[in-house]
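The lines below spell out each chain.
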Amino acid sequence: MRKLHLVSTAALVISMAMPAYAQTAPQADEDTGYNDEIVVTAQRQAQSLQDVPIAVSAFSTETLERQQIDNPQELQLALPSTSITYGNFSGTNITIRGIGSPVVAASGDAGVAIHFNDMPLIASRIFDSEFYDLERLEVLRGPQGTLFGRNATAGVFNIITAKPDLNAFAASGEASYGKYNALQVKGMVNVPIGDIAGVRLAGMYLKRDGYTKNLNTGNDIDGRDYYSLRGSFKLEPSDNTRFTVTAQYFKEDSNRSRGQKQLCATDLTGILGCRPDQEAFGAINGDSTAVGVLASREFLTIAGFGPLAAFALGSVYGDDGHSYDTSINPTNVRQVAIDFEPFWKSDQLTISAELEQQFGDITATLNGGYSENEYASSLDYNLTTTRSILNNPGLVALRAAGAGGNPIAQAMLSSGIFNGNQICTSSFDPLYSGYLGGRINSCGDNTNEYDYSGGSNKQWSIEGRIASDFDGPFNFLIGALYLQNTGRNVDYAVLASGFDYMSTLLGAVNALGAGLPTVRYGLGPPFFFSDTNKGKLKTYGIFGEVYVDLADNLKVTGGLRYSNDKKYIRARQPFLNVLVPYGTSDAGTILANFDGDSATPGQQEFAEQRGTFDEITGRFVVDWQPDVSFTDDTLVYASYTRGYKPGGFNPPYDPNLFPPIPLTFDGELIDAFEIGTKNSFIGGQLQLNATGFYYKYNGFQVSRIINRTSFNDNTNATIYGAELEAIIRPVRDFTVNASLSYLKTEIADFGTIDTRNPSNGRSDVVIIKDLQSAANCVVAPAVAGSVPIANTLALVNGFNAVAGGGLIRPAVEVPGTNSFGAFSLCGALGAFIRANTPAGTYLFDAGAGGGFFLPGGVERNLKGNELANSPNLKFSVGAQYDIKTNSGWTITPRADLYFTGNAWGSNFNTIRDRIKSYEIVNTQLTVSGPEDKFYARAFVSNLFNSQAITGKYITDPSSGLFTNIYTLDPRTYGVAVGFRF
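Note that the coordinates shown come from a computational prediction; the quantities given were computed from them, not determined experimentally.

Draft legend 1. The arrangement of the overall build of the protein in detail. For the protein, the count of helices and strands is 11 helices and 55 strands. Scaling as 2.2 N^0.38, a compact globule of 981 residues should have a C-alpha radius of gyration of about 30 Å, and the protein matches this with 30 Å. A burial count over the protein gives 58% of its 981 residues as buried. In the protein, 71% of the contacts between residues at least 6 apart in sequence involve partners at least 24 apart. If you sum the accessible surface of the protein, you get close to 36400 Å²; carbon and sulfur atoms cover 56% of it. Considering the protein, the positive charge centre built from 73 side chains and the negative charge centre built from 96 side chains are found 4 Å apart.

Here it is as structure tokens:
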């Protein structure tokens, strides 16, 4: 059925133009040589696209408008072997030929280099922006280890803005209005100043209602409110000197959502939260979460606070817990029922400048600039709503005890987290105080959970290049780059009224136990806070290439680059660590007794890490332009390129609580072999480019979660594939563009733990939900099948019986795992098993100082799995026909079909990772006046309203292992009018 749909849609794309094509064609002499030459700077020099021995796609502003590509998310549709998706922490994950950003670390790097007017951008928000007034957008596929350097293992996005035209005054503008009250205005004015200078100003504004309906409030969310301004100045005092400076600023203040929907097939046992073998529009089992265990009767009892267990919000056995069993999760990805509505704020200023000076056959170029950005976004953490707690037994008991004079109950009730019978949630506060300092986000009849992601970055860079243009067979390009980037307060926080509640309860208990004169204390910070206070990158590269013409049509290119990266990270992760009196809003007081780095003797405010990473990379290319009778121009090339992405730091951790883990993870190296051909046929009527590639991917950076913390390892992979791009113009006014790519990726031998199914499907394993951390561990025989499951269950149930705390229920089967599970204490249970079984009977992780711990799971080997976000098949086809009337008007129908095949949301390749294929169809009809001075356009994007998923993120065990999905925009339509002169 899907194949029939695709065939029908493809036929629609072509048929829209075909009736016009049936008209009388121009004479043969008018049919030749009318394909416009595309000039790119893929080799840091202006060259024809067809002469560059690199797989590169280029788009002008006009091309983007024709294909209804307004932003990077939509651009991916037209690019072979490329996917772009938002991530869980406000970033954008770009993947080209299987290589992207799978590493989770503040010190990590993306695999795709982003450049703005040839200036590299680090930690940029440029992909939050919209496209307008561009000279071109270049996308280079494959490692660019010489000219672009350190983090271009996948490729390069180079955004080239339109520069002033010194020859004539020009202006253009467009206004459009469409579905969701979408209003977009953009314009440009170009003013020459004498004969040697010019100014170009451009800008755009976009405002629309949200795509998603919040059924709880009736509000539309996921809207946009965005504007961008750009100014350029160009000076050409002589034919040999050119100076250009460009400044761009954009700002967004929207209720845009980072994630559109959360998927979960509920695990009724609460051991995992969501089943690993299904994907559904359900909700997590709240008993599996950190809030669920910390606010449970069982935790309070086993922690020694038995008399206060009556104040617990529920039980991990689900009797009366604050669960999600009344939650609504509509199957429509454009509907949610949430109690915290999102916001998205970002802005960025970028200034780039370039000075080019010719000295005869030598051209010297100096390029560089400055960029700074800030961003902040929040999202309902569970994208749903919990059950009302107005009559929660624990809160009823708390209020009764407070009325009866219980000092702990009275302190909790006066803490500020209650508004009558409603419960409140802290506001995010970089001073760590939340409700402790009187900062409350909202109050309601139910608990509320949301997150915060934000930070700021500043960078400056300078690059110098010298290139020759000799008449002889030898030429060269040499250069050097220096860049410095500083990130500050790159934060991620999770806030929950359950955390606030436990902060008040545990704070009062600790204050009472310490004999303080008042129990008006909380444990702070009252929210989970991963704070990268400062990160610095200093990087430089020295590079050069030589070009040798072995014959008139045969050239060899050789190049080398040395890259050096110095990285520094200053971070901490406080959460319910320090006893803090109510009314405290000073971070120094709240964290006065906090140790940010328990691995280092003494008290550390932060954990600090620094290191240097360096590598030599390069490329070798042979390109040949044979004189063949059946083409006008042909380029055939073969290349070897080594690409490099530096390593980074794993997060600071307590060596007494974790198995041995390297402090750093290594960089990535890619050996890329590529062959390609670029061809022009029939006087330019057909342009056909093809590429084949094979990669040896060494040191592939992957993440794993251990006790709620992401650590990064390295493994290897192989990648190969083929790409095809074509432009067909059988007559001057009829154009068809198409692309096709096939991609195969395969991970090498690599064992890691799938946190969604920590038993790895073994029937002799018991999965434990830890009552102190909400992490999972497993009790697993060292040799599969060596211990009967009955014996293992007896150990677990026996420990729970003597541990007390209400852990009276025996282990139960966990759906979708083939294993049993139980609530318990991983650390104490591990010690109990070691003391009561012979050495080597069960698996343990060895920690520092001889400590042993139950592992977080049974390793699964990923050998043969495909890399995430790497669709095997992609193709696109678009067609348009310019119908010209005798009065000078032009009517242009156009349609585009984009197909993206199946992919995986993670490297585990399970059913929950599958990203289904999708197709997007765009259509439009443009009517242009004489000389194209004004026009009107009607358009439809995503004609069939495909609910296309571009990426997935699976959270950790303490959050219930839900899946966040990220989607493309729904069907939109509208009209636009514009002018050009």
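Draft legend 2. Up close: helix 10 (residues 789-803). Taking 1.5 Å of rise per residue, 15 residues should cover 21 Å, and helix 10 covers 21 Å from first to last C-alpha, within 8% of that figure. Looking at the packing, one finds that the buried side of helix 10 touches strand 39 (766-770), strand 40 (776-779), strand 42 (819-824) and helix 11 (826-836). Looking at the residues trailing helix 10, positive phi occurs at glycine 804, about 75°.

Draft legend 3. A look at the sheet that holds strand 23 (residues 440-444). Strand order in the open sheet made by the 3 strands is 21-22-23, with antiparallel pairing throughout. Two strands close off the open sheet at either side, each with one partner strand: strand 21 (418-419) and strand 23. Note: strand 22 (residues 422-426) against strand 23, 4 bridges, orientation antiparallel. Within the sheet, the bridge partner assigned to threonine 425 lies in strand 23 and is serine 442. Each of strand 21 and strand 22 touches helix 8 (residues 497-513); the most contacted strand, strand 22, lies at about 95° to it.

Draft legend 4. View of the pairing of strand 4 (residues 82-86). For strand 4, the buried fraction is high: 5 of the 5 residues fall into the buried class. Of the two faces of strand 4, the one carrying Thr82, Ile84 and Tyr86 and the one carrying Ser83 and Thr85 are both buried. The sheet contact formed by strand 4 and strand 5 (residues 92-96) spans 5 bridges and is antiparallel. Each bridged residue has a counterpart across the sheet, and for threonine 85 the counterpart in strand 5 is asparagine 93.

Draft legend 5. View of the nonpolar core. Judged by nonpolar contacts, the single largest core of 82 residues is most densely connected at Leu300, Phe311, Leu398, Tyr501, Met502, Leu505 and Leu506. Residue contacts for leucine 506: discarding those within four places in its chain leaves Phe299, Leu300, Phe305 and Leu523. Of all hydrophobic cores here, the second largest spans 45 residues; its members include Ala78, Phe127, Val702 and Phe908.

Draft legend 6. Geometry of the state of the cysteines. Per the stated rule, a full pass over the model turns up 3 disulfides. Covalent S-S linkage joins cysteine 424 and cysteine 443, the inter-sulfur distance amounting to 2.0 Å. Residues cysteine 424 and cysteine 443 share a disulfide whose torsion about the S-S bond is about 95°; that sign makes it right-handed. Within this pair, whereas cysteine 424 is found in strand 22, its partner cysteine 443 is found in strand 23, the two being separated by 19 residues in sequence. The class for cysteine 443 is partly exposed, based on a relative accessible area of 32%. Note on cysteine connectivity: cysteine 777 is disulfide-linked to cysteine 826, with sulfurs 2.1 Å apart. The disulfide joining cysteine 777 to cysteine 826 has a torsion of about -95° about its S-S bond and is therefore left-handed.

Draft legend 7. Molecular detail of the environment of phenylalanine 127. As for its placement among the helices and strands, phenylalanine 127 is situated in the loop between strand 7 (119-121) and strand 8 (134-141). Separated by 597 residues in sequence, phenylalanine 127 and leucine 724 have C-alpha atoms that sit 26 Å apart.

Draft legend 8. A look at the pairing of strand 9 (residues 155-161). Within strand 9, 7 of the 7 residues are buried, which leaves the element mostly enclosed by the surrounding structure. By the alternation rule, side chains of strand 9 split into Gly155, Phe157, Ile159 and Thr161 and Val156, Asn158 and Ile160, which are all buried. Note: strand 6 (residues 112-116) against strand 9, 5 bridges, orientation parallel. Each residue of the ladder has a partner; that of valine 112, found in strand 9, is glycine 155. In the sheet, strand 8 pairs with strand 9 via 7 bridges, with the strands oriented antiparallel. Bridge pairing in strand 9 links glutamate 138 to asparagine 158.

Draft legend 9. Inspection of the sheet that holds strand 9 at higher detail. Ordered by their spatial adjacency, 5 strands build an open sheet running 3-8-9-6-7, and the pairing between neighbours is mixed. With partners counted over all chains shown, the strands left at the sheet margins are strand 3 (56-59) and strand 7, one partner each. Here the strands of the sheet are splayed against their neighbours by 20° on average, with no regard to which way each runs. The sheet contact formed by strand 3 and strand 8 spans 4 bridges and is antiparallel. Bridge pairing in strand 8 places serine 57 opposite valine 139.

Draft legend 10. Representation of the environment of threonine 331 in the model. As for its position among the elements, threonine 331 is in the loop between helix 5 (297-302) and strand 18 (335-336). Given a relative accessible area of 57%, threonine 331 falls into the exposed group. Between the alpha carbons of threonine 331 and leucine 263 there is a distance of 9.5 Å; along the sequence they are 68 residues apart.

Draft legend 11. A look at the pattern of salt bridges. Under the criterion given, the structure shown has 37 salt bridges. Between arginine 642 and aspartate 671 there is a salt bridge; the shortest N-O distance is 2.9 Å. Taken together, the positions of arginine 642 in strand 31 (residues 633-645) and aspartate 671 in strand 34 (residues 668-681) put the pair 29 residues apart, joining distant regions of the chain. Take arginine 642: its relative accessible area is 22%, and that puts it in the partly exposed class. Residue lysine 933 is joined to glutamate 931 by a salt bridge in which the shortest nitrogen-to-oxygen separation is 3.8 Å. What you see here is one network of salt bridges that share partners, running through Arg97, Arg141, Glu674, Glu723 and Glu725.

Draft legend 12. How the structure looks around the packing of helix 10 against helix 11. Here helix 10 crosses helix 11 at 120°, and the two axes come no closer than 10 Å. Judged by the angle between their axes, helix 10 and helix 11 are oblique. Crossing geometry of helix 10 relative to helix 11 is assigned as right-handed. Contact residues: Leu795, Val796 and Phe799 in helix 10; Ala828, Leu829, Phe832 and Ile833 in helix 11. Along the lines of polarity and charge, the residues of the contact of helix 10 with helix 11 split into 7 nonpolar, no polar and no charged.

Definitions and limits used
- Residues numbered from 1 in each chain as written.
- Predicted model: local features only at pLDDT ≥ 70, side-chain atom pairs only at ≥ 80, totals over all residues.
- Heavy atoms only, no water.
- Helix = DSSP H or I, 4+ residues; strand = E, 2+ residues; numbered from the N terminus.
- Rg over C-alpha atoms; globule rule 2.2 N^0.38 Å.
- Buried < 20%, exposed > 50% of the residue type's maximum accessible area, 1.4 Å probe, protein only.
- Contact = heavy atoms within 4.5 Å.
- Areas by Shrake-Rupley, 256 points an atom, 1.4 Å probe, with all protein chains shown as cover.
- Lys, Arg positive; Asp, Glu negative; His and termini not counted.
- Charge placed at Lys NZ, Arg CZ, Asp CG, Glu CD.
- Expected span 1.5 Å × (residues − 1).
- Pairing = 2+ DSSP bridges.
- Axes fitted to C-alpha atoms, helices over the stretch in contact; angles between N-to-C directions.
- Core = buried A, V, L, I, M, F, W, Y, C linked by side-chain atoms within 4.5 Å.
- Disulfide = S-S within 2.5 Å.
- Salt bridge = Lys/Arg side-chain N within 4 Å of Asp/Glu carboxyl O.
- Parallel < 35°, antiparallel > 145°, perpendicular 65-115°, else oblique.
- Left-handed = near helix turned anticlockwise from the far one by under 90°.
- Nonpolar A, V, L, I, M, F, W, Y, C, P; charged D, E, K, R; others polar.

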